[in-house]
Amino acid sequence: MNRYILALDQGTTSSRAIIFDQKVNKISMAQAEFPQYYPKPGWVEHNPVEIFNCQLSVMKQAIEQARINVSQIAAIGITNQRETVVLWDKNTGKPIYNAIVWQCRRTASIADNLIKEGLAETIQTKTGLMPDAYFSATKIKWILDNIPNAREKANKGEILAGTIDTWLIWKLSGGKVHITDYTNASRTMLFNIHKLEWDKDLLKILDIPFQILPQVRDSSSFYAITDKNVCGFEIPIASAIGDQQAALFGQGCFHEGETKATYGTGCFLLMNTGKKAVQSKNRLLTTIALGLNGKIEYALEGSVFMGGAVIQWLRDELGIISTAHECDTLAESVNDTNGVILVPAFTGLGAPYWDSYARGVITGLTRGSNKAHICRAALNAIAYQVKDELECMKSDSSIDIPVLKVDGGACISNIMMQFQADILGTKVCRPKNIETTVTGAAFLAGLAVSVWTSKDEIIKVWKEDCSFTPVMTEETRETLYADWKKALEKSRN
């Protein structure tokens, strides 16, 4: 009997479910967007109940479309937007507040205070992260501090907290399991990535009770069985992994130094550093890449907050394009940006700047500037931010990166990928399957239930679609990058 894997991809703006066969052919897919909430400038929220209902709905659609027997689905794998956090009542199962999204900047002052108190080095040494509003810890503290009776209930053990994977597993299992994996735990700013445990010192500093946090397990592991009363079916849940680590695994970056960039809502670079947790001198993040067979692998990571979201901004806020593809068409209609540079610091700047107070700017506008130049500048901006991070990564690791593997929805832009190769001076390689995030979750679930037996079997599935080789001169590259750096300074603070 054929065996299948149901992979769930709970993203920042939509939820997806994809069913794969053993050759990683896509049998069916369902996707739906869910609402975003912006209560105040810089605040971003989701309704956790809407997230779960959306995810459950697309799961059922994918199963129905696949026209297979549910008993043939060997396991469910989950990958999720990281850092976004939910707190809910253990007894009623109801969230006590909306999910605070990774993009939300409301807790910038909490992070600033940690830095002022001289705790930045302690936090980086223990967690691999910089004190920033990006991570889950400050969001948990904010909810406990601001929601009536939340802290009192948390101290009594009546509140549970978790990243989105934890919330989904808890809901899917009918409230039976409160669990997360090493990759998601490593993004909370509460987890000691060397001792592999919730850090008591950091919990005390942030006044977060230990008992609200989930158990931490390997990324490929049997977690629970879905509750028939909730889902209508019983399937083992056998993987959970943060979306960027899932993409690293899905790209087959199994060896030290192999690097990928995912162009999604944000843009995220991860370099596999193997068994070694490399502490960055350039304000990149050290994170757990994977927990598999009781062994931990680490990665260096750079986070761009505004990747594909820049193109959404052109469409939804500026209204100068009606589809993402139109951005490419307009960008291709001009030879260059005509001196226009867009710095998309709409929610601050991520690595290596960590500036919560940076804001977006457009420089170099003249009477001859038009929407085509702005579109091209938007695509270039994504590539420039990736270069900022890759340069830091090479410096920290002392490893050269001859090839950058790319994935995510925005990497289908050929003009952007060519500029990426040009500005990096590095070959860029795009796989046939750009859905590497959800594929990574599927592989890990499949390994847990022996649909696949090893990494060697998985790497044979990876196929290249096309590659982009640099054609830009070194002089042009240096001039353009220097101009980007000048524009970037104008957006700071």
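Residues numbered from 1 in each chain as written. Predicted model: local features only at pLDDT ≥ 70, side-chain atom pairs only at ≥ 80, totals over all residues. Heavy atoms only, no water.

## Topic: the overall build of the protein chain
Scanning the protein chain from N- to C-terminus turns up 17 helices and 23 strands. Structurally, the protein chain occupies a C-alpha span of about 60 × 55 × 45 Å along its principal axes. The buried share of the protein chain, taken over its 493 residues, is 63%. Long-range pairs, those at least 24 residues apart, make up 72% of the contacts in the protein chain with a sequence separation of at least 6. Accessible area of the protein chain: about 18800 Å², with a carbon and sulfur share of 48%. Counting 52 positive and 53 negative side-chain charges, the protein chain places the centres of these two groups 3 Å from one another. (Helix = DSSP H or I, 4+ residues; strand = E, 2+ residues; numbered from the N terminus. Buried < 20%, exposed > 50% of the residue type's maximum accessible area, 1.4 Å probe, protein only. Contact = heavy atoms within 4.5 Å. Areas by Shrake-Rupley, 256 points an atom, 1.4 Å probe, with all protein chains shown as cover. Lys, Arg positive; Asp, Glu negative; His and termini not counted. Charge placed at Lys NZ, Arg CZ, Asp CG, Glu CD.)

## Quick notes on the nonpolar core
In this structure, Ile140, Leu190, Ile212, Tyr263 and Leu314 are the most contacted members of the largest nonpolar core, which totals 95 residues. Among the elements that make up this core, the one with the highest residue count is helix α13 (residues 371-397) (11 residues). In this view, isoleucine 140 contacts Val85, Leu87, Leu190, Ile208, Ile212 and Leu213; residues no more than four positions away in its chain are not counted. (Core = buried A, V, L, I, M, F, W, Y, C linked by side-chain atoms within 4.5 Å.)

## Quick notes on the layout of surface pockets
To find leftover empty space, a probe the size of one water molecule is rolled over the atoms. Volume-wise, the second largest pocket comes out at about 310 Å³. Lining the second largest pocket are 19 residues, with Asp336, Thr337, Asn380, Tyr384 and Leu480 sitting closest to its centre. Taken together, the elements giving at least two residues each to the lining of the second largest pocket come down to β19 (341-343), α13, α14 (414-424) and α17 (474-491). Grouping the constituent residues of the lining of the second largest pocket by class yields nine nonpolar, six polar and four charged. (1 Å grid on protein atoms, 1.4 Å probe; cavity = no way out; pocket = protein on both sides within 12 Å on 5 of 7 lines; lining within 4 Å. Points joined across faces, edges and corners; volume = space filled by probe spheres on them. Nonpolar A, V, L, I, M, F, W, Y, C, P; charged D, E, K, R; others polar.)

## A short note on unusual backbone geometry
Residues other than glycine predominantly adopt negative phi, and peptide bonds predominantly adopt the trans conformation. The phi dihedral of valine 24 is positive, around 65 degrees, even though this residue is not glycine. Residue valine 24 is classed as buried on the basis of its relative accessible area, which comes to 14%. The backbone phi angle of methionine 189 is positive, close to 70 degrees, even though this residue is not glycine. You can see methionine 189 is positioned in the loop between α7 (182-185) and β10 (191-192). Its relative accessible area of 2% is what places methionine 189 among the buried residues.

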